[in-house]
Amino acid sequence: MADAERLIEVDNLVRRFPRREALAGLSFQIRRGEIAGILGPNGSGKTTTLRILATFLSPTSGRVRVAGFDTTTHSLDVRRRIGYLPENVPLYPEMRVNEFLAFRGRIKGLRGARLAARLRDVVDQCGLGDSSRRVIGTLSRGYRQRVGLADCLLHEPEVLLLDEPLAGLDPAQVRIVRDLLQGLGTGRCVLFSTHVLAEAEQLCHRVLILNEGRLAAADAPAQLVQSGEGGGFEAAFLRLTTLPPKVRNPKKRNGG
Amino acid sequence: MSAFFQLWGREMASYFRTSIAYVVGTFFLAIAGVSFWILATHLAQGAAEGDLVANLFGSPGYWLAMLIVTPLLTMRLFAEERRMGTLEMLLTAPVTETSVVLAKFAGAYATFLLLWVPTLAFAAVLRRVGVHLPPLDWGPVAAGYLGTALVGAFFLAAGLLCSLLTRHQAVAAMVCLAALGLLLSGSLLPFYAHAESIRQVARGISAPLHMMDFAAGIVDTRTVVWYLSATVLLLFVSIRILEARRLR
């Protein structure tokens, strides 16, 4: 994977809000074909990172490139190449699933036969066949999550950015979404945030652990466990996020 | 441009899928109906024909409808998207802030214009029920509708801007109502201000005075330019506020 194209490049990213600094010099890269997880305690900067990558927020300083485009100067080019699922999966409750997906497909530039084919594909892929005519406001959290994922996949983006895609799901739904995510890495890169360490360990080629807006570690889950002082992945995570933030392994700092 | 039409279509659908268009339509038609009844009574008692147009476009009922309908149509535009979080979905899709603002404005404006369609039947209804009307001069009627379209565009652009400033629909509606109320109160200045300069400025921006002119069939280019420029300015400011949101 070392030679694969870098689809996400974050260099010394700083993001300040009026009363706090959410990100304090974050740097990492994600390559095509990689599934990466962002982990960290609440307030560590996971959502802010994803929002900046998705162009919803601008960086205070630093450089962020997605699929080769700068998120600040070429935000529309970036948005054409990403599928972004915000936390809590905001959808229009009054629309039907198929109408919502068709609307999203059209604003993403899909038309006619291509739109129809992509709608069929994502409905199948996300297991929405039985629910495609249901009103979104009546769907369970799990189904809403699947609708959000279907929306992300519609235009076959190179980069998938998913904020807590496993949050609030029951074990059966977690399994469905996990299986779905596992199949998504081919030909693109997936970056998702999660609090579910077991899922991150199982799904991710690499995890980025954030602590107080800084990168505490960026490595394969097995490597993090191995290089720790005993205990499993959870112990490694707790050690990295309870100690004062520092770069655990300088060689891996840039997501090498 | 294509994204604009998609977004506009969704805006229109959301008005008519939810109860908003029907609540606003019912409210509007109730006020228009009462004004119409008062007008019919006056005409039956031999009032002059000029009252017909003046009552349609300048009565207290007309301004009450404009003051209430504007916040009802615009309060949800951005406040609701922000509260539900759907603004994040919208602004990370490949659409520009300009097309989002213009599509939302176009949705509210088209709904506003649709509200006025039933009033086109007023004169026909009066004749049908036997109220004697002299031949109607269509010039002032057309000018009245033009004035309503211009004032409506300006009011709705102001309401859209208010909706951008908060995530609470009720707050957006109150701010819009207060702003428009203040603007309409300013129309009294030409009668009470001492300084001639203030009176002139107030006359230039007084919507009730403009509508009196329109209802008399007078279309002043300066007035048309004022409403078009003010609407464009408010929409431009809205676009810039939406763009600046990324920096917050």
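(A) Here's a closer look at the packing of aromatic side chains. Per the counting criterion, the structure on display carries 21 aromatic pairs over all chains. Each ring, one from Phe4(B) and one from Phe5(B), has its centre 5.1 Å from the other, and the planes form 75°; the classification is edge-to-face. Taking relative accessible area as the criterion, Phe4(B) reaches 16% and is therefore assigned buried. On the accessibility criterion, Phe5(B) (45% relative accessible area) is partly exposed. Relative to Tyr109(B), the ring of Phe105(B) has its centre 5.5 Å away and its plane inclined at 15°; by these criteria the two rings are stacked. Here Tyr109(B) and Phe105(B) lie together in helix 7 (residues 97-116), a separation of four residues that amounts to about one turn. The same class applies to Phe105(B) as to Tyr109(B), namely buried. Sitting over the ring of Tyr15(B), Arg76(B) keeps its end group 4.7 Å from the ring centre. Positioned above the aromatic ring of Phe56(A) is the side chain of Arg245(B), whose terminal nitrogen or guanidinium carbon lies 4.1 Å from the ring centre.

(B) Structural context of the pairing of strand 7 (residues 159-163) of chain A. Residue and element names in this part refer to chain A. Burial analysis of strand 7 places five of its five residues in the buried class, the great majority of the element. Residues Val159, Leu161 and Asp163 line one face of strand 7 and the alternating positions Leu160 and Leu162 line the opposite face, and both faces are buried. As paired strands, strand 6 (residues 82-85) and strand 7 are joined by four bridges and run parallel to one another. Bridged to Gly83 within strand 7 is Leu160. The pairing of strand 7 with strand 8 (residues 189-193) spans five bridges and is parallel. Each bridged residue has a counterpart across the sheet, and for Leu160 the counterpart in strand 8 is Val190. Following the backbone out of strand 7, through helix 6 (residues 171-182) and into the adjacent parallel strand 8, one traces a crossover that is right-handed.

(C) The arrangement of the interface of chain B and chain A in detail. Contacts between chain B and chain A engage 26 residues on the former and 29 residues on the latter. Summed over both partners, the interface of chain B with chain A buries about 2600 Å², with 58% contributed by carbon and sulfur atoms. The largest share of the area that chain B buries against chain A comes from Glu88(B), Met89(B) and Pro94(B), three residues that together contribute 28% of it. With a shortest N-O distance of 2.8 Å, Glu99(A) and Arg17(B) are connected by a salt bridge. Taken together, the connections running from chain B to chain A amount to 15 residue pairs in polar contact (both at pLDDT 80 or more). Mapped onto the side of chain B that touches chain A, the elements with two or more residues apiece are helix 1 (2-17), helix 5 (76-84) and helix 6 (86-91) of chain B. For the side of chain B that touches chain A, a count of residues per class yields ten nonpolar, eight polar and eight charged.

(D) Inspection of the sheet that holds strand 2 (residues 20-31) of chain A at higher detail. Residue and element names in this part refer to chain A. Spatial strand order, 2-1-4-5: four strands in an open sheet with antiparallel pairing. Two strands lie at the open edges of the sheet, namely strand 2 and strand 5 (69-70), each paired on one side alone. Both strand 1 (residues 6-17) and strand 4 (residues 61-66) contribute to a ladder of five bridges, which runs antiparallel. From the neighbouring strand, Glu9 faces strand 4, where its bridge partner is Arg65. Across the sheet, helix 1 (residues 46-53) touches strand 1, strand 2 and strand 4, and the angle it forms with strand 2 is around 60°.

About the thresholds
- Residues numbered from 1 in each chain as written.
- Chains lettered and ligands numbered in written order.
- Predicted model: local features only at pLDDT ≥ 70, side-chain atom pairs only at ≥ 80, totals over all residues.
- Heavy atoms only, no water.
- Phe/Tyr/Trp six-rings, centres within 6.5 Å; stacked < 30°, edge-to-face > 60°.
- Buried < 20%, exposed > 50% of the residue type's maximum accessible area, 1.4 Å probe, protein only.
- Helix = DSSP H or I, 4+ residues; strand = E, 2+ residues; numbered from the N terminus.
- Lys NZ or Arg CZ within 6 Å of the ring centre and 35° of its normal.
- Pairing = 2+ DSSP bridges.
- Right-handed = clockwise from strand over helix to strand, strands pointing away.
- Contact = heavy atoms within 4.5 Å.
- Buried area = accessible area lost by both parts, 1.4 Å probe.
- Salt bridge = Lys/Arg side-chain N within 4 Å of Asp/Glu carboxyl O.
- Polar contact = N/O pair within 3.5 Å; in protein donor to acceptor, adjacent residues only side chain to side chain.
- Nonpolar A, V, L, I, M, F, W, Y, C, P; charged D, E, K, R; others polar.
- Axes fitted to C-alpha atoms, helices over the stretch in contact; angles between N-to-C directions.

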